Amino acid sequence: MAKEDETPNYVKLDERNHVEKPFLDQLHGLEWEIIDLDGKQHPSESYRQSFAEVVMLPVLRERLKVINDWMEDDQVEEVVKQLTASFPGTGLIQNNRHVFTLLLENTSVSENRRTGEKSPTVRFVDFDHRRKTALSLSVSSRWRVLGTEHHMVPDIVLFLNGMPVVVIECKSPKVKDAIPEAIDQLLRYSEQRGAKGEGSAPLFLL
């Protein structure tokens, strides 16, 4: 009978224990919310209704109302659609720049119904004060997402106020040519290898 592997996790050179887990632990120490998922995960565990969603919509809506406390529910939905459904073209880079501009330069709605101000500014992120109640920092491991045709599971995704802003592919130190392999995997996830249906371009728009 083979003896059970008694090697401590911290010295194992596998991807999970040597790369992914230490990174999650470091972010936890910086007060990020850790969403550590497994193969049997349900969308609700990561604030979603389905695996096709790439934004944690309940988190985004909540933070919008905290940052812009004068907004009403229908205005929140209007702004969410600006960020998730209104894109200038079909190219990934073009649409990514559009979303980046929204996050940095903000947007607006027709009126602040409390004060009557026209075209008031709506901020997605409170860069000025970074109030803890207005800033949600979450990181999810093995975050399952439904691509055009297949499911994919990026190793780590970082979220700012419910919006995916960083996708990370981890590799074990034992993997030969780890960086080219990780880059190729990210290109597949973002459907930039020339083949359609491989990944989920919307995940890389924010």
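What you see is a predicted model; the values in this text were computed from it and never measured.

A. Local environment of the overall build of the chain. In terms of helices and strands, the chain carries five helices and eight strands. When its helices and strands are written in sequence order, the chain yields α-β-α-α-α-β-β-β-β-β-β-β-α. Counting only residues that meet the buried cut, the chain has 40% of its 206 residues in that class. Pairs at least 24 residues apart make up 54% of the contacts formed inside the chain by residues separated by at least 6 positions.

B. Quick peek at unusual backbone geometry. In this model, Y47 sits at a positive phi of 60 degrees, which is unusual for a non-glycine residue. With respect to the secondary-structure elements, Y47 resides in the loop between strand 1 (33-36) and helix 2 (57-67). For Y47, a relative accessible area of 32% translates into the label partly exposed.

C. Quick peek at the nonpolar core. Membership of the largest hydrophobic core comes to 36 residues, with the highest contact counts inside it found for L60, L64, L83, F124, W143, M163 and L203. Sorting the residues of this core by element identifies helix 2, helix 3 (73-84), helix 4 (92-105), strand 7 (156-160) and strand 8 (163-168) as the ones contributing at least two each. Setting aside anything within four residues of it in sequence, one finds L64 in contact with M71, V76, V79, V80, V122, R123 and F124. If you look at the next biggest cluster of nonpolar residues, it comprises seven residues, including L27, W32, I156 and C170.

About the criteria used
Along every chain, residues carry numbers that run from 1 in the direction the sequence is written. Local features in a predicted model are, by the rule used here, given only for residues with pLDDT of at least 70; side-chain atom pairs are given and counted only at 80 or more, and totals for whole chains, interfaces and linings are based on all residues. The basis for every side-chain value is the complete set of non-hydrogen atoms in the structure, without hydrogens or water. Put simply, DSSP H or I for four residues or longer makes a helix, DSSP E for two residues or longer makes a strand, and each gets a number counted from the N terminus. Note on exposure labels: buried denotes an accessible area under 20% of the residue type's maximum, exposed denotes more than 50%, and partly exposed covers the range between, all computed with a 1.4 Å probe on protein chains only. Residue contacts are defined here by distance: any two heavy atoms, one from each residue, within 4.5 Å place the two residues in contact. We define the nonpolar core as a collection of buried residues of types Ala, Val, Leu, Ile, Met, Phe, Trp, Tyr and Cys that are connected through side-chain atoms lying within 4.5 Å of one another.

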